[in-house]
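# Observations on the three-dimensional arrangement
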Amino acid sequence: MMRFIKDRAGGFSTSFALVGLFLAASVGVAVDYSIYANQRTAMKQSLETGVLAAVREAPVQGWDEDTIAAVVDSYVDANLRKASFGGAEYVLDVEPLPERGRVRATLWQNDHGYFVLGHFRKNPQIVVQAEAAIVSSANICVLALDGSAPAALSLGKARTSLTARNCGVFVNSTDRHAIHVERQSTLSASQICTAGGYDARLVDMRPQPQVDCPVIPDPLAGRTPPSFGACDYRDVAVDRDATLHPGVYCGGLDINGSIEVKLTPGIYVIKDGPWTIGGNATLSGENVGFYLTGSGSTMSFENSSNIALTAPRDGPMAGMLIFEDRASPPNRVFEISSKDAEMLLGTIYLPKGKLYVRGKNRFAGAAAWTAIIAREIVADDGPAIELNSDYAATDIPVPEGVGAVDGQVRLTQ
């Protein structure tokens, strides 16, 4: 008996067996985890592809639940059920949301024959979700870029109105009051869409805004700004009738007095100083673009001024009327309070700035098209903002991404 106890051969065999079992289990777990990760990735990709396809086809095939589900299911079937995945069962649930232009889907995996994990994972073994939405079905007349600000688009008191004809108003803020409209002020467009919510009476908005919309990335983020050299003019103050020419205006540009100032075509760079117009001044120019860069390069058009400007038809500023340097600090104020600013043809692009439109005046209604893309947009004290989208009526080109984006879809989950 003592010889048997002292014999370590049996202990070695037992230890070896235990080590072997541990190694086998470890290998099994590693294999299972690899299969699990690959399965989840394949399920997610199949479901995302399916909901994207369903949203693209919905405007043509309709939003019927069975039709939408069949489109998504076809991708699940092709990529999962027809593959050899250990006899797994896939359960699909599809929810069309036509009022929000979305399709939401959930996919479960059951009864996969894992080596080890299958004994410990109850059904469903894997659950993935995906959602896709139509980004927009309208031209962009207004886009507020800030992703979180309350009242990123605000229409204040005194019967302020914003009308976007045959084009859309979009707000990227996810705040529950992303759009704010005071009583008796009005907002109307072919489409009103916010990533957050709104603070307004429905009677003051047409149509009812869509909420929880997908964020629209800045369509001009890739637009190359104009290049420029040294200062051509410094601290320019105009107080008599004059004709100004393109160039780099360092220290800003001040136009003031009961005067008429005309601009010759080209690009005006306002550098390290404000661009101001006041004192009953009238400023007019065709095929002109303004690039605002450097310290203090904001703009202020006072309520006694008159403005009539059209953007360039070609060159680096084609279709761009006002272009703020993207390197500018955020939340600088750009104000238009002109008593007559009905001819503003082109894109007003303030990616870091706040645009204020103030006073009982008419804004942009005489232009064939006008687009406003800014961090935040505030209108107050009664202006009537009228934004058109009649691109065919002029040779001033609309920048890519600002015009119609029909059929563009995006994953939202």
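Look above for the structure.
Summarised in this report is the structure supplied together with it. (Residues numbered from 1 in each chain as written. Predicted model: local features only at pLDDT ≥ 70, side-chain atom pairs only at ≥ 80, totals over all residues. Heavy atoms only, no water.)

## Section: the packing of aromatic side chains
Just so we agree on the cut-off: Only Phe, Tyr and Trp rings are paired, with Trp represented by its six-membered ring, and only when their centres lie within 6.5 Å; those with planes under 30 degrees apart are stacked, over 60 edge-to-face, the remainder tilted. Helical segments are the DSSP runs of H or I of at least four residues, strand segments are the runs of E of at least two, and each set is numbered from the N terminus. Relative accessible area decides the class of each residue, using a 1.4 Å probe on protein chains only: under 20% of the type maximum gives buried, over 50% gives exposed, and in between gives partly exposed.
Scanning the entire structure with this criterion turns up nine aromatic pairs. Relative to Y291, the ring of F228 has its centre 6.2 Å away and its plane inclined at 50°; by these criteria the two rings are tilted. Residue F228 is found in the loop between β12 (205-206) and β13 (233-238), and its partner Y291 is found in strand β20 (residues 288-293); the two are separated by 63 residues along the sequence. Using a relative accessible area of 36% as the deciding quantity, one classes F228 as partly exposed.

## Quick word on the nonpolar core
A general feature of soluble globular proteins is that nonpolar side chains tend to end up buried together. What counts is decided by this rule: Put simply, buried Ala, Val, Leu, Ile, Met, Phe, Trp, Tyr and Cys residues joined by side-chain atoms within 4.5 Å make one nonpolar core. Between two residues, a contact is recorded if the distance between any of their heavy atoms is within 4.5 Å.
Within the largest apolar cluster, 84 residues are counted, with the highest numbers of intra-cluster contacts made by L162, L187, I255, W275, L309 and F363. The leading source of residues in this core is strand β25 (residues 340-358), at eight residues. Every residue in contact with L162, bar those within four places of it in the chain, is listed here: V142, L153, L155, V169, T186, L187, S188, I385 and L387. Formed by 26 residues, the second largest nonpolar core is a distinct cluster that contains A53, A105, I126 and V128.

## Observations regarding unusual backbone geometry
Only a minority of non-glycine residues have a phi that is not negative, and only a minority of peptide bonds are not trans. Along the chain, R206 connects to P207 via a cis peptide bond; the corresponding omega equals -5°. Structurally, P207 is set in the loop between β12 and β13. Residues other than glycine seldom take positive phi values, yet A151 does so here, at roughly 55°. For A151, the location among the structural elements is in the loop between β4 (139-144) and β5 (153-155). For D235, which is not glycine, the phi dihedral falls at a positive 45°. Inspection of the secondary structure assignment puts D235 in strand β13. A relative accessible area of 60% means that D235 is categorised as exposed.

## Details of the side chain of N306
Tracing the chain through its elements places N306 in strand β22 (residues 306-310). Those residues in contact with N306 that sit more than four places away from it in its chain are N280, A281, T282, L283, K339 and D340.

## Quick notes on the environment of G196
Mapped onto the elements of the fold, G196 is located in the loop between β10 (191-194) and β11 (198-199). For the pair G196 and V171, spaced 25 residues apart in the sequence, the C-alpha separation amounts to 8.0 Å.

## Remarks on the pattern of salt bridges
What counts here: The term salt bridge refers to a side-chain nitrogen of Lys or Arg lying within 4 Å of a carboxyl oxygen of Asp or Glu.
Here the structure, examined in full by the defined rule, presents 14 salt bridges. Across the pair R375 and D146 runs a salt bridge whose closest N-O atoms are separated by 3.1 Å. Of this pair, R375 sits in strand β27 (residues 370-380) while D146 sits in the loop between β4 and β5, and the two are 229 residues apart along the sequence. We classify D146 as buried; its relative accessible area is 8%. The salt bridge partner of E324 is R332, with a shortest N-O separation of 3.8 Å. Of the two residues, E324 and R332, both sit in the buried class. Beyond isolated ion pairs, a larger network of salt bridges with shared partners links E95, R102, R104 and E131.

## As for a negative patch on the surface
Cut-off, in case you're wondering: Patch membership needs two things, relative accessible area over 30% and no salt bridge, and members are linked within 9 Å if like-charged or within 5 Å if nonpolar (Val, Leu, Ile, Met, Phe, Trp, Tyr). Residue burial considers only the protein chains on display, and all accessible areas are found by Shrake-Rupley using a 1.4 Å probe. As used throughout, the charge tally considers Lys and Arg to be positive and Asp and Glu to be negative, leaving His and the chain termini uncounted. Here the site of a charge means atom NZ of a Lys, CZ of an Arg, CG of an Asp or CD of a Glu.
Together, D64, E65, D66 and D93 line one region of the surface with negative charge. Residue placement: D64 occurs in the loop between α2 (9-61) and α3 (65-81).

Any functional reading would require information that these geometric values do not contain.
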